[in-house]
Amino acid sequence: MKLPSQDAAAREVPEDRSHRVLLPRRTPMPPLRQVARRLLMALLVLLATVFIVWIDRNEYHDNADGRVDLLDCFYYATVTLSTTGYGDIVPYGDSARLLNILLITPLRVLFLIILVGTTLEVLTERTREQWQLKRWRNTLRDHTVIVGFGTKGRSAAQTLCATGLNRDRIVIVDPSSKVIDAAVADGFAGVVGDATRSDVLLRAEVQRAHQVVIATQRDDTAVLVSLTARQLNKKANIVAAVREEENAPLLRQSGADAVITSASAAGRLLGLSVHSPSAGTVMEDLIQQGSGLDLVERTVVKAEVGKSVRETDDLVVSVLRGHRLLGYDDPEASPLQSTDRLITIVRAAPTEAADLSGKQSAKPNLPGTGVAPMRRADE
């Protein structure tokens, strides 16, 4: 569900809540359940102490009647664990005193820890968060940073996940704490702050990122973010979206490798749908990742080396050779080389898809994808 403030262009962030890094966490236990759990642990510690005293009751002396029964064991365990210690029941045997040193004293400490568990939990939670954040920074490499988690940013994250990228390899940057909370709830790591500032992008470890997706709502913000990201990371692949097509060259000059004009793309799709509704449906199907038809980029398999583009098992749209993008009908695209990458149209399907007979399809999935190649008409 989309948050009301999700698509805001610029948001005011309180100073004490800015520049925070939030990592995905498990769903917290309800308060009443936490209290019940602690009470149960305290009761178990008390029963364990009673059992220890009971099995060695002959080594204890009661100043009232000289003997220790079950009620006296509960009484002794209670006053001992609470550190009250009236002294009316005391261990006088060597074994009883040894058990007090080795067992009852640790149980007393454990009982006190449970009683003050709320305070300790706050301190432990803070320490654990700092440890997790440090570990996250040390292990984060070649990840994807998405700046802006509005409609475009969320769609980009969903598409990346659909293509096989793990959620823990995606970091969301947004100035709204509510938006970041929503991103963290979806399993992404989030950074609260203005991405035009280098210190915010450094918190997202953009200097070690493999790719940066800029999905801000303002074109001027996208230009500043692109400049900052390129300054921090010279090798990252930066993809940005702009509303106005006239701002695309400026964004490319600021360091973006690819620029998507959202307004023009939507307008062209609308015009195509009016002129040819079927063609518009196919284009919309290609845009939606994970259903129907998908556009994927893959490497050339060994069996395809030396063949022409038309001899491959699936529909090839373009061939990426080095830094050159060759069309399927370009004479230089054939024969295929082992270092080429193919842009193909495939039909989205589960990796382990089975046919009606219960046998797995003999048609292999495309290398590096979870989709099956499209069959040609003559197949």
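Heads up: the structure comes first, above all this text.
Bear in mind the structure is a predicted one, so any value in this text is a computation, not a measurement. (Residues numbered from 1 in each chain as written. Predicted model: local features only at pLDDT ≥ 70, side-chain atom pairs only at ≥ 80, totals over all residues. Heavy atoms only, no water.)

Focus on the side chain of Thr 228
Point 1. Take Thr 228: it is sitting in helix α8 (residues 219-232).
Point 2. Thr 228 gets classed as buried once you look at its relative accessible area, which sits at 9%.
Point 3. In terms of polar contacts, Thr 228 uses its side chain to reach the backbone carbonyl oxygen of Leu 224, at 2.8 Å.
Point 4. The residues touching Thr 228, leaving out its near neighbours within four places in the chain, are Ala 195, Thr 196, Arg 197, Ser 198 and Leu 201. (Helix = DSSP H or I, 4+ residues; strand = E, 2+ residues; numbered from the N terminus. Buried < 20%, exposed > 50% of the residue type's maximum accessible area, 1.4 Å probe, protein only. Polar contact = N/O pair within 3.5 Å; in protein donor to acceptor, adjacent residues only side chain to side chain. Contact = heavy atoms within 4.5 Å.)

Topic: the pairing of strand β6 (residues 189-192)
Point 1. A two-sided burial pattern is seen for β6, the buried positions comprising Ala 189 and Val 191 on one face and Gly 190 and Val 192 on the other.
Point 2. Here strand β5 (residues 170-174) runs beside β6; their pairing, made up of four bridges, is parallel. Bridge pairing in β6 links Val 171 to Ala 189.
Point 3. Following the chain from β5 across helix α6 (residues 177-185) to the adjacent parallel β6, one finds a crossover that is right-handed. (Pairing = 2+ DSSP bridges. Right-handed = clockwise from strand over helix to strand, strands pointing away.)

Examining unusual backbone geometry
Outside of glycine, negative phi angles account for most residues, and trans bonds account for most peptide bonds.
Point 1. At the junction of Ser 334 and Pro 335, the peptide bond is cis and its omega measures out at 0° in the coordinates.
Point 2. Even without a glycine there, the phi angle at Asp 142 is positive, about 50°.
Point 3. Topologically, Asp 142 is positioned in the loop between α4 (117-139) and β4 (144-147).
Point 4. Look at Asp 142 and you get exposed, because its relative accessible area is 57%.
Point 5. Non-glycine residue Glu 205 carries a positive phi angle of around 55°.
Point 6. Overall, Glu 205 belongs to the buried group, its relative accessible area being 6%.

Re the packing of aromatic side chains
Point 1. The final tally for this structure, using the stated rule, is two aromatic pairs.
Point 2. With 5.2 Å between their ring centres and 65° between their planes, Tyr 60 and Tyr 76 make a pair best called edge-to-face. Remark: Tyr 76 occurs in helix α2 (residues 70-81) and Tyr 60 occurs in strand β2 (residues 60-62); sequence separation between them is 16 residues. Across this residue pair, the class does not change: Tyr 60 and Tyr 76 are buried.
Point 3. With a centroid separation of 6.0 Å and an interplanar angle of 65°, the aromatic rings of Phe 149 and Phe 188 are classed as edge-to-face. Taken as a pair, Phe 149 in the loop between β4 and α5 (151-162) and Phe 188 in the loop between α6 and β6 lie far apart in primary sequence, 39 residues in all.
Point 4. On the accessibility criterion, Phe 149 (1% relative accessible area) is buried.
Point 5. Judged by relative accessible area, which is 3%, Phe 188 ranks as buried.
Point 6. The ring of Trp 54 carries the charged tip of Arg 57 above its face, separated from the ring centre by 3.8 Å. (Phe/Tyr/Trp six-rings, centres within 6.5 Å; stacked < 30°, edge-to-face > 60°. Lys NZ or Arg CZ within 6 Å of the ring centre and 35° of its normal.)

Structural notes on the pairing of strand β9 (residues 258-261)
Point 1. Only one face of β9 is buried: it carries Val 259 and Thr 261, and the other face, with Ala 258 and Ile 260, is open.
Point 2. Between strand β8 (residues 237-242) and its parallel partner β9, the chain crosses via helix α9 (residues 248-253), and the hand of that crossover is right-handed.

What to know about the nonpolar core
Point 1. Ranked by internal contacts, the top residues of the largest apolar core, which has 29 residues, are Val 145, Val 147, Val 173, Val 212 and Leu 251.
Point 2. For this core, the elements supplying multiple residues, two or more each, are β4, β5, β6, α7 (198-203), β7 (211-214), α8, β8 and α9.
Point 3. No other element matches the four residues that α8 contributes to this core.
Point 4. Excluding residues within four positions of it along the chain, Val 147 makes contact with Val 173, Ala 195, Leu 201, Val 212, Val 213, Ile 214, Ala 215, Thr 216 and Val 225.
Point 5. In terms of nonpolar packing, the next biggest core, distinct from the first, is built from 18 residues, Val 53, Ala 77, Ala 96 and Phe 111 among them. (Core = buried A, V, L, I, M, F, W, Y, C linked by side-chain atoms within 4.5 Å.)

Some thoughts on the packing of α2 against helix α3 (residues 94-115)
Two numbers describe a pair of packed helices, the interaxial angle and the distance between the axes.
Point 1. α3 packs onto α2 with a crossing angle of 60° between their chain directions and a minimal axis gap of 9 Å. Facing α2, whose interface residues are Tyr 76, Thr 80 and Leu 81, α3 presents Asn 100, Ile 104, Leu 107, Arg 108, Phe 111 and Leu 112.
Point 2. Its residues assigned to classes, the contact of α2 with α3 shows six nonpolar, two polar and one charged. (Axes fitted to C-alpha atoms, helices over the stretch in contact; angles between N-to-C directions. Nonpolar A, V, L, I, M, F, W, Y, C, P; charged D, E, K, R; others polar.)

Looking at α2
Point 1. End to end, α2 covers 17 Å across 12 residues, agreeing with the expected 16 Å (1.5 Å per residue, within 8%).
Point 2. Those residues of α2 that fall on the buried side of the exposure criterion are Asp 72, Cys 73, Tyr 76, Ala 77, Val 79, Thr 80 and Leu 81.
Point 3. Two or three places before Leu 71, at the opening of α2, Asp 69 has a side-chain oxygen 3.4 Å from that residue's backbone nitrogen.
Point 4. Of the residues flanking the end of α2, it is Thr 83, one or two places downstream, whose phi is positive at about 60°. (Expected span 1.5 Å × (residues − 1).)

Considering a nonpolar patch on the surface
Point 1. Together, Leu 40, Leu 43, Leu 44, Leu 47, Phe 51, Trp 54, Ile 55, Leu 70 and Phe 74 make up a nonpolar patch on the protein surface, roughly 850 Å² of accessible area in all.
Point 2. Going through the elements one at a time, α1 (31-55) and α2 are the ones with two or more residues in the nonpolar patch.
Point 3. Take the nonpolar patch: its biggest share by element is seven residues, from α1.
Point 4. Mapping Leu 43 onto the fold places it in helix α1.
Point 5. The exposure class of Leu 43 is partly exposed, given its relative accessible area of 43%. (Patch = residues over 30% accessible without salt bridge, like charges linked within 9 Å, V, L, I, M, F, W, Y side chains within 5 Å. Areas by Shrake-Rupley, 256 points an atom, 1.4 Å probe, with all protein chains shown as cover. Salt bridge = Lys/Arg side-chain N within 4 Å of Asp/Glu carboxyl O.)

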